[in-house]
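These are the residues of each chain, in order.
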Amino acid sequence: MDTGLRNKVVFITGAAKGIGRATALAFAREGANLGLIDIDRESLDSLVTEAGALGSKAVCAVGDLATGSGVASAIDELLQAFDGEVDVLVNNVGAGKVRTFDQLSDEGWDRTLQLNFMSYVRACRKILPVMRQRGRGVIINNGSDLARQPEPVPIDYSASKAAVLALTKGLARSEAPQIRVNAVAPGPVWTPFWTQKGGFADTMAEFHKMPAKEAVEHELSLRQLPMKRLGTPEEVAHVIVFLASDLSSFVTSAVWGVDGGSIRSLV
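Residues numbered from 1 in each chain as written. Predicted model: local features only at pLDDT ≥ 70, side-chain atom pairs only at ≥ 80, totals over all residues. Heavy atoms only, no water.

K.L.:
Describe the pairing of strand β3 (residues 58-62), listing the residues and the values that go with them.
P.N.:
Summarising burial for β3: four of the five residues are buried, a large majority. Pairing of strand β2 (residues 33-38) with β3, which is carried by five bridges, proceeds in the parallel orientation. Looking at β3, one finds that Ile37 is bridged to Ala61. Tracing the backbone out of β2, into helix α2 (residues 41-53) and back to the parallel element β3 gives a crossover that is right-handed. (Buried < 20%, exposed > 50% of the residue type's maximum accessible area, 1.4 Å probe, protein only. Helix = DSSP H or I, 4+ residues; strand = E, 2+ residues; numbered from the N terminus. Pairing = 2+ DSSP bridges. Right-handed = clockwise from strand over helix to strand, strands pointing away.)

K.L.:
For the nonpolar core, give the residues involved together with the corresponding values.
P.N.:
In this structure, Val10, Ile12, Phe27, Leu34, Leu36 and Ile240 are the most contacted members of the largest nonpolar core, which totals 36 residues. Of all the secondary-structure elements, those providing two or more residues to this core are β1 (9-13), α1 (18-29), β2, α2, β3, β4 (88-91), β5 (137-142) and α10 (233-244). Ignoring anything within four residues of it in the chain, the contact list for Leu36 reads Ile12, Ala15, Ala24, Leu44, Leu47, Val48, Ala58, Val59, Cys60, Ala61 and Leu78. (Core = buried A, V, L, I, M, F, W, Y, C linked by side-chain atoms within 4.5 Å. Contact = heavy atoms within 4.5 Å.)

K.L.:
Tell me about the sheet that holds strand β6 (residues 179-186), and please be specific about residues and values.
P.N.:
Pairing between the strands of a sheet is mediated by backbone hydrogen bonds and can be parallel or antiparallel. Strands sit in the order β3-β2-β1-β4-β5-β6-β7 across an open sheet of seven strands; the sheet is parallel. Whereas interior strands pair on both sides, the edge strands pair on one side only; in this sheet they are β3 and β7 (255-258). On average, each strand axis in the sheet is inclined to that of its neighbour by 15 degrees, with strand direction left out of account. As defined by bridge partners, β1 adjoins β4 across three bridges and the pair is classed as parallel. (Axes fitted to C-alpha atoms, helices over the stretch in contact; angles between N-to-C directions.)

K.L.:
Just give me the short version of helix α9 (residues 212-223), but keep the residues and values in it.
P.N.:
When the terminal C-alpha atoms of α9 are compared, their 17 Å separation across 12 residues agrees well with the 16 Å that a helix rising 1.5 Å per residue should span. Three or more residues of α9 are buried, namely Ala215, Val216, Glu219, Leu220 and Arg223. Angularly, the buried residues of α9 cover 135 degrees about the axis, an arc narrow enough to put them on a single face. Note on α9: the residue one or two positions beyond its end, Gln224, has a positive phi of about 55 degrees. (Expected span 1.5 Å × (residues − 1). Arc of directions from axis to C-beta.)

K.L.:
Please provide a residue-by-residue account of unusual backbone geometry, values included.
P.N.:
For residues other than glycine, phi is negative in most cases, and the peptide bonds are mostly trans. In this model, Val153 is joined to Pro154 through a cis peptide bond whose omega is -5 degrees. Here Pro154 shows up in the loop between α5 (145-148) and α6 (155-175). Of note, the bond from Ala176 into Pro177 is cis; its omega dihedral lies within 30 degrees of zero at 5 degrees. Turning to its location among the elements, Pro177 is positioned in the loop between α6 and β6.

Structure, rendered in structure tokens:
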């Protein structure tokens, strides 16, 4: 099926690794052009090369997405590279550690919210005027199943992602019908978010007091995932591409679970 994404300009935050990287390559295969933002220059350069080999014009901008200046300068750089045009914004950046409520200081809460939520607010603030002027656009926010079904840990991550879903719903109503705004809500997905040093797997090991692999398997058993495995970045990327495409032209204000069945409620 024709997604209608050929030659569209897609900006992706947190693009260098994991779901962001898989999403960029999925858009490249559809013929889209890419504006890629991350703090990791080396991984961005590698991604630009790989997307270029698929025939995509790919431009990267380095920025600390936990700061207002980092978001603004990176997006301005990409807008300049694409003559002020953007068709799709994918807010994807995020980080988390397994910490209890009592272990979280004000500074810890603020760090999580600045990256996982305020980066989305700031990116939308920069991109929406461009989309409004053009009379069209799509925004897709990367949430989490933990936004809809929080666990005791990581409570700050769950709260930040719940805020992302509220932002999605509010903007979908205010920006319709010209601009569609949706979210994906992945469950556990095997990415550097989990595997990097000090990431989810390591901190989960500390929390459960067992080796990282066993801790992850234990966590999955607690969540009772029907699919009985972690997802892949590509499985999330495919849903993001669908939501950005003409194939979902009547979809807005939706939260699409890509979670292996972790959410048991009806809504």
